[in-house]
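The residues making up each chain are set out below.
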Amino acid sequence: MSELANHTKTARASDLIERNDVTVMNIAARRGARASLDERARATFGVSLPSTPKAVEAGGALIVWAGPDQWLIIQKDEAGRDHYSELAKTFNGLASLVDVTESRTIFRISQARPSPVLSRSMGIDFHDDAFKPGDVAITHVSHLGVIVWRLPDGTAYDFACARTYSRDFGDWLRKAKA
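This is a predicted model, so every value here is computed, not measured.

Considering the packing of aromatic side chains
Summed over all chains, the structure comprises six aromatic pairs. Each ring, one from Phe 126 and one from Phe 131, has its centre 5.3 Å from the other, and the planes form 80°; the classification is edge-to-face. Phe 131 matches Phe 126 in its accessibility class, with the two residues each being buried. Relative to Phe 169, the ring of Phe 159 lies with its centre 6.1 Å away and its plane at 50°, an arrangement referred to as tilted. A residue pair is termed long-range when its members are at least 10 positions apart, and Phe 159 in strand S10 (residues 157-162) and Phe 169 in helix H5 (residues 166-177) qualify at ten residues. For Phe 159, a relative accessible area of 0% corresponds to the buried category. By relative accessible area, Phe 169 is classed as buried at 0%. Taken together, the aromatic side chains of Phe 107, Phe 159, Phe 169 and Trp 172 make up a single cluster linked through ring pairs.

Spelled out as structure tokens, the structure:
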């Protein structure tokens, strides 16, 4: 467990955690396969893949729009279960699939609304009327690329960044959320 994860276990209850309990797959639709991929996703998860910056929960997964025809599929890590193999079989021939669990870090802030410093620093209007539950944004923070989404139930915000920068981003996030 990282130093940040150990630190955040002692943080106030409102708060910042590093998600070490999930697997993260990047899915990219193959050329001309978007409609078939979406059909397969509906059969598997019960929902369509978002075509706009949205995050949806269904079928034990959180599906996060990550750009045109690209998504992150985030699932609870379970001993003995190989999410990559399951998804590779499901989307065979329709999408490219990469397990990015070890190359991405996801942080969660369990707050109904981020701090004003966080809002200003990310260049995102986090007001409830502008950034609704399930909304997704791709942005930069301190020169680091970040995907941020509000959980569909509105209770928290998740931030995904490259693991290489997770310590720096985590330190920045901890200071900004205060």
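A closer look at the sheet that holds strand S6 (residues 95-99)
In spatial order, the strands read S3-S4-S5-S2-S6; together these five strands make up an open sheet with antiparallel pairing. Edge positions in the open sheet fall to strand S3 (55-58) and S6, since each of these has one partner strand only. Pairs of neighbouring strands in the sheet enclose a mean axial angle of 25°, with direction left out of account. Of the strand pairs in this sheet, strand S2 (residues 22-29) and strand S5 (residues 70-76) are connected by seven bridges, and their pairing is antiparallel. Bridge pairing in S5 links Ile 27 to Trp 71.

Description of the sheet that holds strand S1 (residues 16-18)
The strand order S1-S7-S10-S9-S8 describes an open sheet built from five strands, whose pairing is antiparallel. Each of the sheet's edge strands pairs with one partner strand only, and the pair in question is S1 and strand S8 (136-141). Direction aside, neighbouring strands of the sheet carry axes that sit 25° apart on average. Across five bridges, the pairing between strand S9 (residues 144-150) and S10 is antiparallel. Bridge pairing in S10 links Arg 150 to Tyr 157.

The rules behind each value
- Residues numbered from 1 in each chain as written.
- Predicted model: local features only at pLDDT ≥ 70, side-chain atom pairs only at ≥ 80, totals over all residues.
- Heavy atoms only, no water.
- Phe/Tyr/Trp six-rings, centres within 6.5 Å; stacked < 30°, edge-to-face > 60°.
- Buried < 20%, exposed > 50% of the residue type's maximum accessible area, 1.4 Å probe, protein only.
- Helix = DSSP H or I, 4+ residues; strand = E, 2+ residues; numbered from the N terminus.
- Pairing = 2+ DSSP bridges.
- Axes fitted to C-alpha atoms, helices over the stretch in contact; angles between N-to-C directions.

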